[in-house]
Amino acid sequence: MNYRHSLLALAIASGLSATPAAHALELGEFNDTKFSIGGYFKAEAIYEKVDDGDSRIFGRSNQSRVNLKTVTQKEGHTIVGFVEGDFYGGTYPGENNDLRLRHAFIKVDQTTVGQTWTGQFWAVAYHDYLDFLGGPRGTLGGFNFRTNLISHEVAGFRFTAQDPVNNDADTPDLAVNYNLNLDGGHRVILTASGREVENGDFVGGGAIGSKFMIGPHSFNLNAHYGEGLGAFTGVGVNNSLSSPDVENGDAVSQVGVDVGFRYVINNEWRANVAYTAVEVDDNADTNYEAHRVNLIHNITQDLEAGIEWRKYNLAFGPLLPEGQQVEVMAKYKF
């Protein structure tokens, strides 16, 4: 898995849903197969105040995406096909509007094969982020890349074996998630993650994700600890993106916490505040912090607009330098 492309492969999962094609337009049925298309158009304007550099204002629509989903019932099995693309596939750092493959997978009953979210992605109870690239950084969904894998779901568990981040690894990267949905909309996610890092050691870590409902509002808490996790959190040794989990030949551990509160004003307005912190046990004492506040307005069921202020103390590649950003966006789902 190439980290140059994984940064471009970041995707954001809002508190509404992390599942592909949750919002779709049914096209009809042909030969016992139902077809639907989904996606959204998103336009955003960003003011960026860089700590060490020039400020700028710019706009982009690369995040816009379209997908095709098929569902077939045959011989007692449910067969789902899904393919999706967006426009972050251009030359690094992704400011060209070339089409990029996001998802391409087959799901037969509870088994998924193909390119889709990593097992670590499912460890997180996500907030309403507007930041497509850096919002979940510091959680196990921080890189939010999609990779080739096989996963199976049973009795609340998800078992995943996937293409290793370390290209020289002899074993696949592994993840086991347990999802517990409680009365009242509360939710707890327990995750174990393991992978072979660049020094040849197979290391692991764990995470907990949780969502607690307070009337119509919600409080999310995510935490992680262990080795080999920088490949997924996006916070590595000396803030490295290319070799995030090994220093001087030894695996490096990290600990992180992510908290957020979603306040539902009414059926049309909601607001979110979130904070993320990660400490890496490296020689540089790498410490990541992120603050964000946003306000989102549902103009119609399918159209929303919002504004978000965020501040990051570490750069996340050239598209997200150290400093502050204010984003204004509009998104239309179909």
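Here, the structure is the one placed above.
No experiment lies behind these values; they were computed from the predicted model shown. Residue indices begin from 1 for each chain and proceed along its sequence in written order. Given that this is a predicted model, residues contribute local features only at a pLDDT of at least 70 and side-chain atom pairs are listed and counted only at 80 or more, while totals for whole chains, interfaces and linings are drawn from all residues. Only heavy atoms go into the side-chain values, all of them from the structure, while hydrogens and water stay out.

S.K.: I would appreciate a short explanation of the overall build of the protein chain in the present structure.
M.R.: Regarding its fold elements, the protein chain presents two helices and 20 strands. Computed over the C-alpha atoms, the radius of gyration of the protein chain is 19 Å, within 12% of the 20 Å expected from 2.2 N^0.38 for a compact globule of 334 residues. Principal-axis analysis of the C-alpha atoms gives the protein chain an extent of 60 × 45 × 45 Å. Exposure is judged per residue with a 1.4 Å probe applied to protein chains only, and the accessible area is read against the type maximum: over 50% gives exposed, under 20% gives buried, and values in between give partly exposed. Burial status across the protein chain gives 51% buried among its 334 residues. Throughout, a residue-residue contact means that at least one pair of heavy atoms, one from each residue, lies within 4.5 Å. Within the protein chain, contacts between residues separated by at least 24 positions form 57% of all contacts whose residues are at least 6 apart in sequence. Accessible surface for the protein chain amounts to roughly 14,800 Å². Of this, 56% is attributable to carbon and sulfur atoms. Charged side chains of the protein chain number 25 positive and 41 negative; the gap between the two group centres comes to 8 Å. In this description a helix means any DSSP run of H or I spanning at least four residues, a strand means any run of E spanning at least two, and both kinds are numbered starting from the N terminus. Put simply, the radius of gyration uses C-alpha atoms, and a globule should come to 2.2 Å times the residue count raised to 0.38. Method for areas: the Shrake-Rupley scheme with a 1.4 Å probe, in which residue coverage is limited to the protein chains shown. Positive charges come from Lys and Arg alone, negative charges from Asp and Glu alone, with His and the N- and C-terminal ends not counted. Every charge is mapped onto a representative atom, which is NZ of Lys, CZ of Arg, CG of Asp or CD of Glu.

S.K.: Explain empty space enclosed by the protein to me, please; I cannot follow it from the model alone.
M.R.: Empty space among the atoms becomes apparent when a probe as large as a water molecule is rolled across them. A 1.4 Å probe that fits but cannot get out identifies a cavity on a 1 Å grid over protein atoms alone, an open set with protein on both sides within 12 Å along at least five of seven lines counts as a pocket, and a residue lines either if it has an atom within 4 Å of a point. Grid points are joined across faces, edges and corners, and a volume is the space filled by probe spheres set on the points. What the rule picks out here adds up to three cavities of 30 Å³ or more. Along the wall of the largest cavity there are twelve residues; nearest its centre are Tyr126, His127, Ser218, Asn220 and Arg262. The leading source of residues in the lining of the largest cavity is strand E16 (residues 253-264), at three residues. Across the lining of the largest cavity, the residue classes break down as three nonpolar, six polar and three charged. Approximately 50 Å³ is the volume found for the second largest cavity. Lining the second largest cavity are Ala123, Val124, Gly138, Thr139, Leu140, Ala207, Ile208, Asn222, Ala223, His224, Val257 and Asp258. Elements supplying a minimum of two residues to the lining of the second largest cavity: strand E12 (202-214), strand E13 (217-227) and E16. Ranked by residues supplied to the lining of the second largest cavity, first place goes to E13 with three residues. The nonpolar class holds Ala, Val, Leu, Ile, Met, Phe, Trp, Tyr, Cys and Pro. Asp, Glu, Lys and Arg form the charged class, and all remaining residues, Gly among them, are polar. Taken together, the residues that form the lining of the second largest cavity break down as seven nonpolar, four polar and one charged.

S.K.: What's the story with the pairing of strand E6 (residues 100-108) in this structure? I'm lost.
M.R.: Within a regular strand, the side chains alternate between the two sheet faces. What makes two strands pair is DSSP finding at least two bridges between them. As defined by bridge partners, strand E5 (residues 77-86) adjoins E6 across eight bridges and the pair is classed as antiparallel. Bridged to Phe82 within E6 is Phe105. As consecutive antiparallel partners, E6 and strand E7 (residues 111-117) are separated by two residues, and within that stretch Asp109 has a phi angle of approximately 55°, a positive value.

S.K.: It is not clear to me how the pattern of salt bridges should be interpreted in this structure. Could you clarify?
M.R.: Any two side chains of opposite charge can pair if their charged atoms end up close together. By definition here, a salt bridge exists when the distance from a side-chain nitrogen of Lys or Arg to a carboxyl oxygen of Asp or Glu is within 4 Å. Summed over all chains, the structure comprises 17 salt bridges. Glu153 is paired through a salt bridge with Lys107; the nearest N and O atoms lie 3.3 Å apart. Of this pair, Glu153 sits in strand E8 (residues 146-154) while Lys107 is found in strand E6, placing the two residues 46 residues apart along the sequence. Looking at Lys107, the relative accessible area reads 23%, which means it is partly exposed. The salt bridge involving Glu327 is made with Arg310; its shortest N-O contact spans 2.8 Å. On the criterion of sequence distance, the pair formed by Glu327 in strand E20 (residues 323-333) and Arg310 in strand E19 (residues 303-312) is long-range, its members being 17 residues apart. Look at Arg310 and you get buried, because its relative accessible area is 0%.

S.K.: What is the right way to read the pairing of E8 from this model?
M.R.: Pairing of E7 with E8 involves seven bridges; the strand directions are antiparallel. Bridge assignment links Thr111 to a residue of E8, and that residue is His152. Bridge count between E8 and strand E9 (residues 157-162): six bridges; the pairing is antiparallel. When the bridges of E9 are listed, Ile150 appears paired with Ala161.

S.K.: Please explain the packing of aromatic side chains as it appears in this structure.
M.R.: The description of an aromatic ring pair rests on the distance of the ring centres and on the angle between the ring planes. The rule is short: rings of Phe, Tyr and Trp, with Trp giving its six-membered ring, pair when the centres are within 6.5 Å, and they are stacked under 30 degrees, edge-to-face over 60, tilted in between. Applying the stated criterion across every chain, the model contains twelve aromatic pairs. Aromatic side chains Phe143 and Phe316 sit 5.6 Å apart centroid to centroid with 45° between the ring planes, which places their arrangement in the tilted category. Here Phe316 lies in the loop between E19 and E20 and Phe143 lies in the loop between E7 and E8, a separation of 173 residues in the sequence. An identical accessibility class is assigned to Phe143 and Phe316; each is buried. Site record: aromatic cluster; members linked through ring pairs are Trp117, Phe121, Trp122 and Tyr126. Consider the ring centre and the ring normal. A charge sits over the ring if Lys NZ or Arg CZ is within 6 Å of that centre and within 35 degrees of that normal. The cationic tip of Arg56 hangs over the ring face of Phe58; the distance from NZ or CZ to the ring centre is 3.9 Å.

S.K.: I tried to follow the side chain of Asp86 on my own but got confused; where do I start?
M.R.: Position of Asp86 among the secondary structure elements: in strand E5. Under the relative-accessibility criterion, Asp86 is labelled buried at 0%. Throughout this description, a polar contact denotes any pair of N or O atoms lying within 3.5 Å of each other; where both atoms belong to protein, one of them has to be capable of donating a hydrogen while the other can accept it, and for residues adjacent in sequence the pair is counted only when both atoms sit in side chains. Reaching out from Asp86, the side chain makes a polar contact with the backbone nitrogen of Tyr88 at a distance of 3.3 Å. At a separation of 2.4 Å, a polar atom in the side chain of Asp86 contacts the side chain of Arg100. Excluding its chain neighbours within four sequence positions, the residues that come into contact with Asp86 are Asn62, Gln63, Ser64, Arg65, Asp98, Leu99, Arg100, Arg102 and Phe132.

S.K.: What is the right way to look at the environment of Ile46 in this model?
M.R.: Within the element layout of this structure, Ile46 appears in strand E2 (residues 33-50). Between the C-alpha atoms of Ile46 and Asp98, which are 52 residues apart in sequence, the distance is 21 Å. Ile46 has contacts with Arg56, Ile57, Phe58, Arg60, Arg310, Gln325, Val326 and Glu327, leaving out every residue within four places of it along the chain.

S.K.: Which parts of the structure should I look at to understand the nonpolar core?
M.R.: Across soluble globular proteins, nonpolar side chains have a tendency to be buried as a group. Residues Leu140, Phe232 and Tyr288 are the most contacted members of the largest nonpolar core, which totals 31 residues. Tyr288 has contacts with Gly134, Arg137, Gly138, Val235, Thr276, Ala277, Val278, Tyr312, Asn313 and Leu314, leaving out every residue within four places of it along the chain. We call a set of buried Ala, Val, Leu, Ile, Met, Phe, Trp, Tyr and Cys residues a nonpolar core when their side-chain atoms join them within 4.5 Å.

S.K.: Can you walk me through a nonpolar patch on the surface in this structure?
M.R.: Patch definition: residues above 30% relative accessible area lacking any salt bridge, with like charges linked at up to 9 Å and the nonpolar side chains Val, Leu, Ile, Met, Phe, Trp and Tyr linked at up to 5 Å. A contiguous nonpolar patch, built from Tyr263, Ile265, Trp269, Leu295, Ile307 and Val328 and spanning about 510 Å² of accessible area, is present on the exposed surface. Residue position: Val328 is located in strand E20. The exposure class assigned to Val328 is partly exposed, which follows from its relative accessible area of 45%.

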